[in-house]
Amino acid sequence: MTCEEYEEQLSAFVDGEVPLPESVQVFAHLAECGDCRMFLGALMKVKKSTSEEEIAFPEELDEDIFAAVKQLRPVPVRYNLKQTGFLGRRLSWSFGVAATAVIFAFLVGGALGSFVGIRSVHEVVPTATVKYGEQGRQPAAVLIIYSLPEVQSTGIIPAKYERVQSDTIY
Amino acid sequence: MASDSDLVRELRQGSDYAFAALYERYKLPVFRYCLKMLRDVDAAKDVVQTVFLRMYEHRDDLVFADRFKAWIFAIARNHCFTHLRTRGRTMELKEEVEQEGEVGAEDQLAQRDEAEMVREAIGKLGPEDREVVLLREYENLSYKEIAEVVGVTESAVKSRLFKARRRLYDLLKPLLRERG
């Protein structure tokens, strides 16, 4: 083997990459070659110098990197939050609309009902009073009759309803 | 202490803790490698940031959990070489002028600390020689890991390391002889 070949072995030797039988041969060469010993000495100096070198990490980079990661991070999370927000809004919107619709229906229905009811009372009561006006006053009976739908639409009291006394109803 | 493989698996499942742990473990080695490769603090910081953001962005693709160390240095290496290429000829010319000036200042160099001489000599190596020396001497990567980072065989790593060390020796020999 030439010195250059031994030097290549020495390069691997300082990295612990030479098997024992070959390293014995390298050691035998070192015993008789000053140039290769000098080469080995230089390799060891490089190892020592690099292992002792201290390099400080620029701490401001931590902040930059984590801030940048934060920007990347929300992609799936932001999507989830959007969904939640959207659902939340839709839910509250639906709830609000439903509540408004109920109140509106209640008010309109009430107004219509009152209007129809008053009209029905006025239409039904005189009819009933006239038709069944033996006693001349039927406020309780009128109220009961008013609550019956078929009476509201026809204004006629079906035969199945029995007349009762006012004080019994109240 | 959790292994790299465990942390990578956790990272793939979306663990921010795993990212922070891997970042703490590798931020200095990656920065040191980039700084030595680029010899420019701001450029090294840019590359380090790119490397870790890429790691986070592509965490789902980290399929080589047991070879994470080689993977992260390979990413850093690619970005360093891209940076060196884009830095272009202007910078190379500047470096040549600086090196010519340094030859004239050899006496000054001889008086410096031996460790500093070694570091300067490593800085004078070409990027391809320098990278194998850095990965071996500073980061203590095995030949197998260096082969994965650089994308060559283990025997090619052995050969490249020898050639790089031989050039380093040629740079250092006159100075070491003067010192006896």
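Conventions and cut-offs
- Residues numbered from 1 in each chain as written.
- Chains lettered and ligands numbered in written order.
- Predicted model: local features only at pLDDT ≥ 70, side-chain atom pairs only at ≥ 80, totals over all residues.
- Heavy atoms only, no water.
- Core = buried A, V, L, I, M, F, W, Y, C linked by side-chain atoms within 4.5 Å.
- Buried < 20%, exposed > 50% of the residue type's maximum accessible area, 1.4 Å probe, protein only.
- Helix = DSSP H or I, 4+ residues; strand = E, 2+ residues; numbered from the N terminus.
- Domains from an automatic or database assignment.
- Contact = heavy atoms within 4.5 Å.
- Salt bridge = Lys/Arg side-chain N within 4 Å of Asp/Glu carboxyl O.
- Buried area = accessible area lost by both parts, 1.4 Å probe.
- Polar contact = N/O pair within 3.5 Å; in protein donor to acceptor, adjacent residues only side chain to side chain.
- Nonpolar A, V, L, I, M, F, W, Y, C, P; charged D, E, K, R; others polar.
- pLDDT = per-residue confidence, 0-100.
- Axes fitted to C-alpha atoms, helices over the stretch in contact; angles between N-to-C directions.
- Parallel < 35°, antiparallel > 145°, perpendicular 65-115°, else oblique.
- Expected span 1.5 Å × (residues − 1).
- Arc of directions from axis to C-beta.

It is worth spelling out the nonpolar core at this point. The tendency in soluble globular proteins is for nonpolar side chains to be buried as a group. Residues and elements named next belong to chain B. Formed by 82 residues in total, the largest nonpolar core has its most connected members in Val30, Tyr33, Cys34, Val48, Phe52 and Ile72. The element that contributes the greatest number of residues to this core is helix 2 (residues 16-38), accounting for 13 residues. Lining this core are residues from two domains, each supplying at least three of them: domain 1 (1-89) and domain 2 (91-180). Apart from the residues lying within four places of it in its own chain, the contact partners of Cys34 are Arg39, Ala44, Val47, Val48, Ala76 and Cys80.

Okay, the pattern of salt bridges next. Residue and element names in this part refer to chain B. The tally for this structure, following the rule as stated, stands at 21 salt bridges over all chains. One salt bridge in this structure joins Glu148 and Arg67, with 3.2 Å as the shortest N-O distance. Of this pair, Glu148 sits in helix 8 (residues 143-150) while Arg67 sits in the loop between helix 3 (41-57) and helix 4 (68-104), placing them 81 residues apart in sequence. Across the pair Arg165 and Glu137 runs a salt bridge whose closest N-O atoms are separated by 2.8 Å. Of the two residues, Arg165 sits in helix 9 (residues 154-179) while Glu137 sits in helix 7 (residues 127-138), which places them 28 residues apart along the sequence.

The partner chain A presents 35 residues to the 38 residues of chain B that form the contact. Buried surface at the junction of chain B and chain A, both sides included, amounts to about 3600 Å², of which 66% is carbon and sulfur. A salt bridge links A:Asp62 to B:Lys27; its shortest N-O distance comes to 3.1 Å. For the interface between chain B and chain A, the tally reads 13 residue pairs in polar contact (both at pLDDT 80 or more). For the side of chain B that touches chain A, the secondary-structure elements that each account for two or more residues are helix 2, helix 3, helix 6 (114-124), helix 7 and helix 9 of chain B. Its residues assigned to classes, the side of chain B that touches chain A comprises 21 nonpolar, 2 polar and 15 charged.

All names here are of chain B. Residues at a pLDDT of 70 or more form 85% of chain B, whose mean pLDDT is 86. Within the model, the stretch residues 99-105 combines pLDDT values under 50 with 2 contacts to residues more than four positions away or in other chains. Confidence metrics for the complex model read pTM 0.66 and ipTM 0.81.

Before going further, it helps to examine the packing of helix 6 of chain B against helix 7 of chain B. For any two helices packed against each other, one specifies the inter-axial angle together with the distance between the axes. Residue and element names in this part refer to chain B. In the contact formed by helix 6 and helix 7, the axes pass within 9 Å of each other and the chain directions differ by 140°. Put simply, helix 6 runs oblique to helix 7. Together, Arg119, Ile122 and Gly123 of helix 6 and Arg130, Val133, Leu134 and Tyr138 of helix 7 make up the contact between the two elements. Its residues assigned to classes, the contact of helix 6 with helix 7 shows 4 nonpolar, 1 polar and 2 charged.

Further remarks concern helix 4 (residues 60-72) of chain A. Here helix 4 of chain A contains 13 residues, and its C-alpha end-to-end distance of 19 Å stays within 8% of the 18 Å for a straight helix at 1.5 Å per residue. When helix 4 of chain A is considered as a whole, its buried residues turn out to be A:Leu61, A:Asp62, A:Ile65, A:Ala68 and A:Val69. The buried residues of helix 4 of chain A occupy one face: seen down the axis, they fall within an arc of 140°. Those residues of helix 4 of chain A that are exposed and aimed more than 90 degrees away from the buried face are A:Glu63, A:Lys70 and A:Gln71. Those residues of helix 4 of chain A that are buried are in contact with helix 2 and helix 3 of chain B.

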